[in-house]
Amino acid sequence: IESLLSIVYYQANGGSSFATAGFFNKIKYKLTHKQDDRSGAYKNQQLARPDSSEAVNKIIADEAIEANGFEFQSWVGFSARAYEGRYLNINGLIRKTIPEISTASASPDTLLIYFMGGSTMFGFNVADAETIPSNFVKLCLAQQYNRPVKVVNYGIPAYYSYNELMLLTNLLYAGKRPDLVVFFDGLNDFIAAKASPFKKPIIYYRMAQAFSMDINKGNRNYADSMDFIFTNSPGSSIASLSDSMYQNYISTASSIETISNTYRVKPVFFVQPVPYYNYPNQKKDPICSQLDYPQYKYIYPKLEADALKRSNLFFLGNMLSNETGITYVDKFHYSPKINEKIAAAMFQHLHPIIDSLCRK
């Protein structure tokens, strides 16, 4: 049986020492992860949004599940797939922001801000009006800026800083130039051991496999798993992995600054809070990931020190240090309450920059 499975299964799916173990793990996963079992998602939504009715929380959970997927985008590879719902709306590369502008209407001198990041910036498992960009615009409403401020949410699930560099470059080449671009990274940059160190998208291995399939033979099975993407390569130490991830992030940020300066765009970088760094309540949190990724203990202190020396880098990695309530809506994504707090922390740093740009 092992010999047979090694030919028909293991060579395409290698993730276990024995093909037999991998085969039965695959069956176990399919039996225990039913596509139509949404009770956990409903429960989490109710915990994260206790003031909303069960009906509203159920709709938000259903729409997040239905919209969860990718579609092809030229040059940048992929984005969240288009979706139109009551609480969740995606059009091309853009997640809807509510409100999207700080005044009743735009004007020729509107200050344009792009927000970029992965699924936490996108607002996975929260409504359009609950994302970080939406909360940010609400804070802008109370300010008397000389110009209207418009925000565009270019957060895309599975993106990290290198994807965002490609996205920004493509937008600028297409003539879409913001005044300010805000990057929010840390989770995807440093959690995927087989992605960011090699400057490959997190879903690279699945995309590569799809292109290499012989469709005429009906081979449409995707063999890779997210476990593979997150697992460190054999023989690679956490210290060397961490240094590679850190150096790649710094290099990417430098490239972003170069292209931004060429197009007269102001780039600002935020390091996001994660469950794996300075979150004392992680093990008591009923929703968030309970795993441990030790690379954050190497990388985040370096970034915190860097933020003290750089005017456009802000470290938010300590924001969860005193949180004891419902911080997450699923294993990786913030609750609406935390999105509000992150937007407020961003606004505190960005307000002087926006005010200065509006006066130009």
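Structure: above.
Residues numbered from 1 in each chain as written. Predicted model: local features only at pLDDT ≥ 70, side-chain atom pairs only at ≥ 80, totals over all residues. Heavy atoms only, no water.

Q: Before we move on, can you summarise the nonpolar core with the specific residues and values?
A: Met116, Leu167, Tyr296, Tyr300 and Leu303 are the most contacted members of the largest nonpolar core, which totals 50 residues. Listed in part, the 35 residues of the second largest apolar core include Phe270, Ile287, Ala345 and Ile354. (Core = buried A, V, L, I, M, F, W, Y, C linked by side-chain atoms within 4.5 Å. Buried < 20%, exposed > 50% of the residue type's maximum accessible area, 1.4 Å probe, protein only.)

Q: Tell me about the packing of aromatic side chains, and please be specific about residues and values.
A: Scanning the model with the defined rule gives 22 aromatic pairs in all. The interplanar angle of 80 degrees and the centroid separation of 6.3 Å between the aromatic rings of Phe190 and Tyr296 together place this pair among those described as edge-to-face. On the criterion of sequence distance, the pair formed by Phe190 in helix α8 (residues 187-191) and Tyr296 in helix α12 (residues 295-309) is long-range, its members being 106 residues apart. Neither residue differs from the other here; Phe190 and Tyr296 are each classed as buried. Three or more aromatic residues joined by ring pairs make a cluster, and in this case those are Phe190, Phe230, Tyr249, Tyr276, Tyr277, Tyr293, Tyr296, Tyr300 and Phe315. Across the ring face of Phe122, the terminal group of Arg95 is positioned such that the distance to the ring centre comes to 4.8 Å. When the ring centre of Tyr246 is taken as reference, the NZ or CZ atom of Lys302 above it lies at 5.0 Å. (Phe/Tyr/Trp six-rings, centres within 6.5 Å; stacked < 30°, edge-to-face > 60°. Helix = DSSP H or I, 4+ residues; strand = E, 2+ residues; numbered from the N terminus. Lys NZ or Arg CZ within 6 Å of the ring centre and 35° of its normal.)

Q: Give a detailed account of empty space enclosed by the protein, specifying residues and quantitative values.
A: Where empty space is left becomes clear once a probe the size of a water molecule has been rolled over the atoms. Tallied over the full model, the rule gives 2 cavities of 30 Å³ or more. Computed from the structure, the largest cavity encloses a volume of approximately 90 Å³. What lines the largest cavity is simply Ala64, Ala67, Asn68, Gly69, Phe70, Ala80, Leu88, Ile90, Phe122, Phe124, Asn125 and Pro157. Its volume calculated, the second largest cavity comes out at about 50 Å³. Where the lining of the second largest cavity is concerned, the elements lending two or more residues are α5 (119-122), β8 (180-185) and α8. Element by element, the count of residues in the lining of the second largest cavity is highest for α8, at 3 residues. The residue inventory of the lining of the second largest cavity, partitioned by class, reads 4 nonpolar, 6 polar and 2 charged. (1 Å grid on protein atoms, 1.4 Å probe; cavity = no way out; pocket = protein on both sides within 12 Å on 5 of 7 lines; lining within 4 Å. Points joined across faces, edges and corners; volume = space filled by probe spheres on them. Nonpolar A, V, L, I, M, F, W, Y, C, P; charged D, E, K, R; others polar.)

Q: Could you give an account of the pattern of salt bridges, naming the residues involved and the relevant values?
A: Scanning the entire structure with this criterion turns up 12 salt bridges. In this structure, Arg38 and Glu66 form a salt bridge, with 4.0 Å as the shortest nitrogen-oxygen distance. Placement of the pair is Arg38 in the loop between α2 (19-32) and α3 (39-48) and Glu66 in helix α4 (residues 54-67), with a sequence separation of 28 residues. The class of Glu66 is partly exposed, set by a relative accessible area of 37%. Of the charged contacts, one joins Arg310 and Glu257 as a salt bridge, the two residues approaching to 3.1 Å between their closest N and O atoms. One end of the pair, Arg310, is in the loop between α12 and β10 (313-315); the other, Glu257, is in helix α11 (residues 238-262), with 53 residues separating them in the sequence. For Glu257, a relative accessible area of 22% gives the class partly exposed. Connected through shared salt-bridge partners, Arg38, Lys58, Asp62 and Glu66 make up one network. (Salt bridge = Lys/Arg side-chain N within 4 Å of Asp/Glu carboxyl O.)

Q: Quick rundown of the layout of surface pockets? Include the residues and the values.
A: Of the pockets and cavities examined, the second largest pocket occupies roughly 160 Å³. Taken together, 13 residues form the lining of the second largest pocket, with Ile94, Arg95, Lys96, Thr97 and Glu100 sitting closest to its centre. When residues of the lining of the second largest pocket are traced back to their parent elements, those giving at least two are β4 (89-91), β5 (94-95) and β7 (149-153). When residues of the lining of the second largest pocket are assigned to their parent elements, the largest contribution, 4 residues, is made by β7. Of the residues belonging to the lining of the second largest pocket, the class tally is 5 nonpolar, 4 polar and 4 charged.

Q: I'd like a description of the side chain of Asp185, backed by residues and values.
A: In this structure, Asp185 sits in strand β8. Buried charge Asp185 goes without a salt bridge, the closest partner of opposite sign being Arg310 at 11 Å. Excluding residues that lie within four positions of it along the chain, Asp185 makes contacts with Gly117, Tyr160, Ser161, Glu164, Tyr249, Phe270, Val271, Gln272 and Tyr300. (Lys, Arg positive; Asp, Glu negative; His and termini not counted. Contact = heavy atoms within 4.5 Å.)

Q: I'd like to hear about the pairing of strand β6 (residues 111-117), residue by residue, with values.
A: For a regular strand, the rule is simple: side chains alternate between the two faces of the sheet. Most of β6 sits inside the fold, with 7 of its 7 residues counted as buried. Burial of β6 is two-sided: the residues Leu111, Ile113, Phe115 and Gly117 facing one way and the residues Leu112, Tyr114 and Met116 facing the other way are all buried. Where β6 meets β7, 5 bridges bridge the pair, whose relative direction is parallel. By the bridge assignment for β7, Phe115 is matched with Asn153. Taken together, the 5 bridges between β6 and β8 define a ladder with parallel strand orientation. Looking at the pairing, Phe115 lines up with Val182 of β8. (Pairing = 2+ DSSP bridges.)

Q: Residues and numbers for the environment of Glu63, please.
A: Following the sequence through the fold, Glu63 ends up in helix α4. You can call Glu63 buried: its relative accessible area is 7%. Spatially, the C-alpha atom of Glu63 lies 8.9 Å from that of Glu84, the residues being 21 residues apart in sequence. The contact partners of Glu63, leaving out residues within four places of it in the chain, are Tyr83, Gly85, Arg86, Tyr87 and Leu88. Only 2.9 Å separates the side chain of Glu63 from the backbone nitrogen of Tyr87, close enough to count as a polar contact. (Polar contact = N/O pair within 3.5 Å; in protein donor to acceptor, adjacent residues only side chain to side chain.)

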